[in-house]
Amino acid sequence: MKAHLRKIANNLAFRIIAPIAAFTLTAGFFMYLFVLTTISDFVDSHIKENMIELSRYAYNICDSNLNELLKAGLIKNEKAVKIKKALTIGMLEDFMTTNSLKGSIIENDRAILSTGDSTEELLGKEHKRQHDLLTETEFGEAFINIEYGGRKYYVNHTHFQPWEWHIVLIKDAAQYSEMQNNVRLAYLVTGIIFSISVVLLICYLNMTIKSPVARIITPIKKGETPEYKGIHEFEFISDSIKDMMFEKERLMKQIIEEQKLKGIRVLASGVAHNFNNILVGVLGYASLIRTWLEEAKNNKQPIEGELLDDILKYLRTVESSAQKAGALAKELAELSRKRVLEKDFIRQVDINAAVTELARLLKNTFPKNIEISANLSANLPLIKGNASQLEQAILNICINSKDTMPDGGILMIDTYFTSLTSKNPQYPYIKPGNYATIEITDTGEGMDEETLNHIFEPFFTTKEPDKGTGLGLATVYAIVKAHRGYVIAKSAPSKGSTFTIYLPI
Ligand SMILES: Nc1ncnc2c1ncn2[C@@H]1O[C@H](COP(=O)(O)OP(=O)(O)O)[C@@H](O)[C@H]1O
Ligand SMILES: [Mg+2]
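Parameters and conventions
- Residues numbered from 1 in each chain as written.
- Chains lettered and ligands numbered in written order.
- Predicted model: local features only at pLDDT ≥ 70, side-chain atom pairs only at ≥ 80, totals over all residues.
- Helix = DSSP H or I, 4+ residues; strand = E, 2+ residues; numbered from the N terminus.
- Rg over C-alpha atoms; globule rule 2.2 N^0.38 Å.
- Buried ≥ 20, exposed ≤ 12 C-beta atoms within 10 Å, placed from the backbone.
- Contact = placed C-beta atoms within 7 Å.
- Domains from an automatic or database assignment.
- Pairing = 2+ DSSP bridges.
- Axes fitted to C-alpha atoms, helices over the stretch in contact; angles between N-to-C directions.
- Core = buried A, V, L, I, M, F, W, Y, C linked by C-beta atoms within 7 Å.
- Near = placed C-beta within 6 Å.
- Nonpolar A, V, L, I, M, F, W, Y, C, P; charged D, E, K, R; others polar.
- Parallel < 35°, antiparallel > 145°, perpendicular 65-115°, else oblique.
- Left-handed = near helix turned anticlockwise from the far one by under 90°.

Broken down by element type, the protein carries eleven helices and twelve strands. The C-alpha radius of gyration computed for the protein amounts to 52 Å, which surpasses the reference 23 Å derived for 505 residues by more than 25%, pointing to a less compact arrangement than a globule. Expressed as a percentage of its 505 residues, the buried residues of the protein come to 19%. In the protein, of all internal contacts separated by at least 6 residues, the share reaching a separation of at least 24 is 63%.

On domain assignment, one finds that the protein holds domain 1 (16-182) and domain 2 (342-505). Relative to domain 2, the C-alpha centre of domain 1 lies at a distance of 94 Å.

Below, the discussion takes up the sheet that holds strand 10 (residues 433-442). Strands sit in the order 7-9-10-12-11 across an open sheet of five strands; the sheet is mixed. The open sheet is flanked by strand 7 (370-376) and strand 11 (486-491), the only strands paired with a single partner. For this sheet the average axis-to-axis angle between neighbouring strands, irrespective of direction, equals 15 degrees. Across the sheet, helix 8 (residues 351-365) is in contact with strand 7, strand 9 (409-420) and strand 10; its angle to strand 7 comes to roughly 165 degrees. Contacts between helix 9 (residues 387-404) and the sheet are confined to strand 7, strand 9, strand 10 and strand 12 (497-504), with strand 10 contributing the most and set at about 25 degrees to the helix.

What follows concerns the environment of Glu306. Counting through the fold element by element, Glu306 comes out in helix 7 (residues 305-341). Glu306 gets classed as exposed once you count the C-beta atoms within 10 Å, which come to 7.

Inspection of the sheet shows strand 1 (residues 102-107) paired to strand 5 (residues 165-172) by six bridges, in the antiparallel sense. Across the sheet, the residue bridging to Ile105 is Ile167, located in strand 5. Between strand 1 and the antiparallel strand that follows it, strand 2 (residues 110-115), lie two residues; Asn108 among them carries a positive phi value of about 50 degrees.

Within the largest apolar cluster, 38 residues are counted, with the highest numbers of intra-cluster contacts made by Ala393, Ile394, Cys398 and Ile501. Counting residues per element, the ones that place at least two in this core are helix 6 (232-298), helix 8, helix 9, strand 9, strand 10, helix 11 (472-482) and strand 12. Residues in contact with Ile394, not counting those within four places in the same chain, are Val355, Leu358, Ile438 and Ile440. One finds Met51, Ile105, Tyr153 and Ile170 within the second-largest nonpolar core, a separate group that totals 18 residues.

Looking at ligand 1, there are 23 residues lining it, with Asn400, Thr461, Gly468, Gly472 and Leu473 nearest. Contributing elements (two or more residues each) for the shell around ligand 1: helix 9 and helix 11. A per-element tally of the shell around ligand 1 places helix 9 first, with four residues. Along the lines of polarity and charge, the residues of the shell around ligand 1 split into six nonpolar, 14 polar and three charged.

Counted residue by residue, helix 11 has eight buried out of eleven residues, so it is predominantly covered. At the exit of helix 11 stands Arg484, carrying a positive phi of roughly 60 degrees.

Next up on the list: the packing of helix 6 against helix 9. The contact between helix 6 and helix 9 brings their axes to 10 Å, and the two run at 55 degrees. Between helix 6 and helix 9, the interaxial angle falls into the category oblique. The handedness of the crossing between helix 6 and helix 9 comes out as left-handed. On the side of helix 6, the interface is formed by Ile256, Gln259, Lys260, Gly263 and Val266, while helix 9 contributes Gln389, Gln392, Leu395, Asn396 and Ile399. Of the residues contributing to the contact of helix 6 with helix 9, the split by class is four nonpolar, five polar and one charged.

Here we take up unusual backbone geometry. Its identity is not glycine, yet Ser100 carries a phi of approximately 50 degrees, on the positive side. Checked against the element boundaries, Ser100 lands in the loop between helix 3 (78-98) and strand 1. Overall, the presence of 11 C-beta atoms within 10 Å leaves Ser100 in the exposed class. One non-glycine residue with positive phi stands out, namely Lys300, at about 50 degrees. Looking at where Lys300 falls in the secondary structure, it is placed in the loop between helix 6 and helix 7. Judged by the 6 C-beta atoms lying within 10 Å of it, Lys300 falls in the exposed class.

Okay, the environment of Glu235 next. As for its position among the elements, Glu235 is in helix 6. Considering only alpha carbons, one finds Glu235 and Ile216, 19 residues apart in sequence, at a separation of 9.4 Å. If we skip the residues at most four places from it in the chain, Glu235 touches Tyr228 and Lys229.

Pasting the structure below:
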């Protein structure tokens, strides 16, 4: 799980998208705060200005009526003032209706005009708060907003001094809803534009970075040589990887070639050893027969009876030994010809046939104190691959087994079908699927954990410099990898070793 999360976190797409997402969210948040404060300030001040304008208009109504009284010199005339006040109240009422305003005119704490159903209650509820909040300005005005019955109202208070009127104008915030809707729409549109830009940015980065990288990585994953043209850096990376892959392939081919020759050398020396054993026998019998024949000639004795039988018996042995030697020589010649001539063809490979041939060869060439047994599963499916390379891989493992059993032992080569339905917890990198499996077990010295950890590394060897190259198992690994397979080694000191090759079907 942890590894999985780490894989996601190290993913290129994640590295591109995560910072952009984080940036977008942070920038979006601050932008939202900024827009929210500036726009709501703007809205509030706009509403406030509108309300103050309306209040000034109401103030002017009162003012012009007072001026008329002054001009007519009737300001001391109580009756005229009363009439003018009544007229003014009527004008103010009209003004409120046309401007969808609620409100009241309060004279000596008594409402002499009140419009709108809830005005009284609204004001009553907020009366104390208003008194606390309303501070008179230059024009004797104060502006607040209040909540009542779940609705928002803007309240403007004007003090018209000569008549000691408090003119309170109330406007439902909903009256400004069109403007607020416009502001909301502006928010929404800004948000959408912002999101689209981010998506476009991600697409653009994906196009300019992720896809080119993917065009390099995908072929590498498939074991093909990557190629990307267009961006200098990517061309450079792609070319360098290509060169490295070519170089690696070239080196690997060279190593495999050398390993082929080494295999032939090992087998040839085995053949030579057997040859020598045969020759010793042949020479021994030949000189024995010669001695007997010379004795018979010198003594002028006839060759008959037991002597003749013995001579014939030994001659037959000489003949069969010579035939065996001939067969061995032929085999070695065939082997070297085949190994040198065979091209790197990919075709259907019969693993069992390859193992059978190899086992026969090993029986003829490995020391006689090594017992070779092959246990082959009858209906093993064919696999796609290179028979000569696979034989080489098996041979390399077998040669190591021979080296680890100088005093003799058993070398077992088994083949069987494996079907993995789920991941093996011990080897989680092996993909579930069907495999032709080759298992090579020896009863040799075995290896400790430390050695086991390094055996597939090129040039790792525990043998003396003229005996080991350290390339045997590295070659096995390369060959098996090229077949998209897996090779696993299990061993413990003095417990022998088992090498298992899984080749996908
Ligand atoms: N069957 C085995 N038993 C014990 N040790 C082994 C066996 N196979 C390989 N090794 C160890 O792995 C090392 C590397 O093997 P290899 O790559 O074939 O190189 P080399 O045989 O030239 O040393 C060997 O030197 C040996 O220590
Ligand atoms: Mg070796």
